[in-house]
Amino acid sequence: MSLQVSKEETKPTSHFSLVSEVSTAGPNEALRHFNSKLAFETDPTDVLLDLHRGQDSFLLIDARDADSYAACHIPGALSLPLRTINAQTTAHLSKDKVLVTYCWGPACNASTKAAAKLSRLGFHVKEMIGGIEYWRREGAAVEGALGEDAPLFPSILPKA
């Protein structure tokens, strides 16, 4: 089923909109929502540009397992696997810097869980949406044993 309509075709008329099924929020409420959202997340482009400009007000935290980090990670990122985050494993981290967590990509919530744990420990945290998948899709550098040859997604099923 194609959703594209050529100029020659007649568009069907609908009296119902999926987009406006729920009415929009007012401008002030929308501003609060979007600013709130940005207080919790950043994206690979903003991180990459800040790193390129020498910004050091944040630290990248790779929340994936240690083997995934060893295979491929963002240069300068610290490996802090989600399951290992506690007061002892984070004692060396500065609470003056923003910690930016990432994991595999949009289908992985390890960075969200890591951000929650780090926040509970008193750190200022943002999550990098898109994870290392979108970092790599934007052509940004990676390092590690496999580097660019590393898989984009984890292998969760045992090999046959």
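Source: prediction; values computed, not measured. (Residues numbered from 1 in each chain as written. Predicted model: local features only at pLDDT ≥ 70, side-chain atom pairs only at ≥ 80, totals over all residues. Heavy atoms only, no water.)

## Re the overall build of the protein
Here is step 1: Check the secondary structure of the protein and you find five helices and five strands.
Here is step 2: Reading the secondary structure of the protein in the N-to-C direction produces α-β-α-β-α-β-β-α-β-α.
Here is step 3: Compactness check: the protein gives a C-alpha radius of gyration of 20 Å against a globular reference of 15 Å for 160 residues, more than 25% above the reference.
Here is step 4: Dimensions of the protein, computed from the C-alpha atoms along their principal axes, are close to 60 × 50 × 35 Å.
Here is step 5: Here the protein, with 160 residues, has 32% of them falling under the buried criterion.
Here is step 6: Accessible surface for the protein amounts to roughly 11,100 Å². Of this, 57% is attributable to carbon and sulfur atoms.
Here is step 7: Positive and negative charge centroids in the protein, built from 16 and 19 side chains respectively, lie 5 Å apart. (Helix = DSSP H or I, 4+ residues; strand = E, 2+ residues; numbered from the N terminus. Rg over C-alpha atoms; globule rule 2.2 N^0.38 Å. Buried < 20%, exposed > 50% of the residue type's maximum accessible area, 1.4 Å probe, protein only. Areas by Shrake-Rupley, 256 points an atom, 1.4 Å probe, with all protein chains shown as cover. Lys, Arg positive; Asp, Glu negative; His and termini not counted. Charge placed at Lys NZ, Arg CZ, Asp CG, Glu CD.)

## As for the environment of I74
Here is step 1: Considering the arrangement of structural elements, one finds I74 in the loop between helix 3 (66-71) and strand 3 (78-79).
Here is step 2: Along the backbone, I74 and A114 are 40 residues apart, and their C-alpha atoms lie at a distance of 17 Å.

## What about the nonpolar core?
Here is step 1: By size, the foremost hydrophobic cluster in this structure holds 31 residues, and its most contacted members are L60 and I74.
Here is step 2: Looking at this core, the elements that each hand over two or more residues are strand 2 (58-62), strand 4 (98-102), helix 4 (110-120), strand 5 (124-128) and helix 5 (131-137).
Here is step 3: It is helix 4 that provides the largest number of residues to this core, a total of four residues. (Core = buried A, V, L, I, M, F, W, Y, C linked by side-chain atoms within 4.5 Å.)

## Remarks on the packing of aromatic side chains
How two aromatic rings sit relative to each other is set out by the distance from centre to centre and by the angle between their planes.
Here is step 1: Applying the stated criterion across every chain yields a total of zero aromatic pairs.
Here is step 2: Taking NZ or CZ as reference, R64 lies 4.7 Å from the ring centre of W104, over its face.
Here is step 3: The ring of Y134 has R137 sitting right over it, with the charged end atom 5.4 Å from the ring centre. (Phe/Tyr/Trp six-rings, centres within 6.5 Å; stacked < 30°, edge-to-face > 60°. Lys NZ or Arg CZ within 6 Å of the ring centre and 35° of its normal.)

## Details of the state of the cysteines
Here is step 1: Going through the model one piece at a time under the given rule, you end up with zero disulfides.
Here is step 2: The closest cysteine sulfur to the non-disulfide-bonded C72 is located on C103, 13 Å from its own sulfur.
Here is step 3: We classify C72 as buried; its relative accessible area is 2%.
Here is step 4: Residue classification places C103 among the buried positions, given a relative accessible area of 1%. (Disulfide = S-S within 2.5 Å.)

## Structural notes on the pattern of salt bridges
Here is step 1: Under the definition given, this model contains three salt bridges.
Here is step 2: With its nearest N and O atoms 2.6 Å apart, the salt bridge here joins R53 to D50.
Here is step 3: Given a relative accessible area of 63%, R53 falls into the exposed group.
Here is step 4: On the accessibility criterion, D50 (21% relative accessible area) is partly exposed. (Salt bridge = Lys/Arg side-chain N within 4 Å of Asp/Glu carboxyl O.)

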